[in-house]
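# Structure assessment
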Amino acid sequence: FDGRPVAIALEQARGALIAILSKYAHLHLFIVDPSRLNYYRKSVSPSGAKSDPVDGDLILDFQLKHPDLLRCLEPDTVETRSLQFLTEQRRELVNQHTGQVQILTSWLKQVFPQILGWFDDVSTPLVGDLLKRWPELAKLKKAKPETLLQFFHDHNCRSAERNQQRLEEIRTAVTATNDAALLKTANLMIQASIQLLATLRTAIEQFESEIKTVYATHPDRFIVESFPGAGPALEPRLIAALGTDRNRFPSAAAMACCFGIAPVTESSGNSRWVHWRWSCSKFVRQTLHEWAACTVRQDGWARDHYERQRAKGKGHHAAVRSVAYKWIRILY
């Protein structure tokens, strides 16, 4: 092409293909939303026939006929993209941690339910170390009270009353099941969950440390720090959502639509249906929703607006999204 720029239209905004093509300055990448391509395909092929070569031709056709509807992928600054990747992956690790806690809880209910009563959180190193050392109730009952007390003290369990209560309940506890097949599988699953939880805890701490380091040097830090309710957890996520390109959004309404906060209205004849936006970044919407909920807990206009929405009969989450919609105008 004699050094001229080349436009490439594709469906994915992230992934291996984007990572490889982005390193070439002469390639300009245009993102076609898969849902938009799906409707475009139906408009030219009502039968629903679909194949990769046909989709490739449709993407090219859409790019040539509707270039104003596509956005060129313009990577943000390294600091901002680092926060975007780090905060999203940290959330993924937290979700995996939650899933493992649920798996561990399910197996403990079947073979060792007393653990759930003795400890408030089964994902802590205290419970993990206890189950590693005494994986079954029978083995735990054989341990000396002095050994158990020392174990609790080593894990910062200093309440003498609580520890004594645990010792008494351990002494009188009854095994939940004697099914050898179930116990064998449960012990393996419990040990596996304990190891995974320990690994995930370490990984989450590493991500949080890196997020803190990158956020400390970000030039837009002073902006999000000026808003109430965000704190160290949500401030980096707000920067990741907003980005540093001031021309990215033409209006606050466009920002609200992109973030999934603005509702969608469908009307035809006398019917009218308003629903929340499905095509958006779920992580960004969750970020704005959580932040708006935090501002509602503080005195000020956000709480007043939330209470007025609730008085109108709106549900909690709908009222919080209404507050988030107001905040987006201020952010913009």
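Just so it is clear, the model here is predicted, and its values are computed rather than measured. (Residues numbered from 1 in each chain as written. Predicted model: local features only at pLDDT ≥ 70, side-chain atom pairs only at ≥ 80, totals over all residues. Heavy atoms only, no water.)

This next bit is on the overall build of the chain. Counting secondary structure elements, the chain contains 16 helices and 5 strands. Here the C-alpha radius of gyration of the chain, 27 Å, is well above what a compact globule of 332 residues would show, namely 20 Å. The principal-axis extents of the C-alpha atoms in the chain amount to approximately 80 × 50 × 50 Å. Looking at the chain residue by residue over its 332 residues, the buried ones come to 37%. For the chain, the share of sequence-separated contacts (at least 6 apart) that also reach a separation of at least 24 residues comes to 58%. (Helix = DSSP H or I, 4+ residues; strand = E, 2+ residues; numbered from the N terminus. Rg over C-alpha atoms; globule rule 2.2 N^0.38 Å. Buried < 20%, exposed > 50% of the residue type's maximum accessible area, 1.4 Å probe, protein only. Contact = heavy atoms within 4.5 Å.)

The gaps of empty space that remain are located by a probe, the size of a water molecule, rolled over the atoms. Counted as a void, the largest pocket has a volume near 2100 Å³. Around the largest pocket, the lining is made up of 48 residues, and of these Ala13, Ile31, Arg71, Arg248 and Cys258 lie nearest the centre. When residues of the lining of the largest pocket are traced back to their parent elements, those giving at least two are helix H1 (16-21), helix H2 (34-44), strand E3 (71-72), helix H4 (78-111), helix H12 (231-242), helix H13 (252-258), strand E4 (264-268) and helix H14 (282-296). Forming the walls of the second largest pocket are 17 residues, and the residues nearest its centre are Glu208, Ile211, Pro232, Ala233 and Pro236. A per-class count over the lining of the second largest pocket returns 8 nonpolar, 2 polar and 7 charged. (1 Å grid on protein atoms, 1.4 Å probe; cavity = no way out; pocket = protein on both sides within 12 Å on 5 of 7 lines; lining within 4 Å. Points joined across faces, edges and corners; volume = space filled by probe spheres on them. Nonpolar A, V, L, I, M, F, W, Y, C, P; charged D, E, K, R; others polar.)

Regular strands have side chains that alternate between both faces of the sheet. With 5 bridges connecting them, strand E1 (residues 6-10) and strand E2 (residues 27-31) associate as parallel partners. Bridging across to E2, valine 6 finds its partner in leucine 27. For the crossover that starts at E1, traverses H1 and ends in the parallel E2, the hand is right-handed. (Pairing = 2+ DSSP bridges. Right-handed = clockwise from strand over helix to strand, strands pointing away.)

All right, on to the nonpolar core then. In this structure, Leu83, Phe259, Leu288, Trp291, Val323 and Ile328 are the most contacted members of the largest nonpolar core, which totals 35 residues. Going through the elements one at a time, H4, helix H10 (180-216), H12, H13, H14, helix H15 (301-311) and helix H16 (316-331) are the ones with two or more residues in this core. Of all the elements, H16 adds the most residues to this core, at 7 residues. In terms of nonpolar packing, the next biggest core, distinct from the first, is built from 29 residues, Trp118, Leu130, Ile170 and Ile190 among them. (Core = buried A, V, L, I, M, F, W, Y, C linked by side-chain atoms within 4.5 Å.)

Applying the stated criterion across every chain yields a total of 12 salt bridges. For the salt bridge of lysine 65 with aspartate 61, the shortest nitrogen-to-oxygen distance reads 3.3 Å. Of this pair, lysine 65 and aspartate 61 both sit in helix H3 (residues 52-65), separated by 4 residues, roughly a single helical turn. Here lysine 65 falls in the exposed class, since its relative accessible area comes to 55%. The partner of arginine 91 in a salt bridge is glutamate 290, with the nearest N and O atoms 3.6 Å apart. Linking arginine 91 in helix H4 with glutamate 290 in helix H14, this pair joins segments that are 199 residues apart in sequence. Assessed through its relative accessible area of 17%, arginine 91 is described here as buried. Salt bridges here are not isolated pairs; linked through shared partners, they connect Arg41, Lys50 and Asp55. (Salt bridge = Lys/Arg side-chain N within 4 Å of Asp/Glu carboxyl O.)

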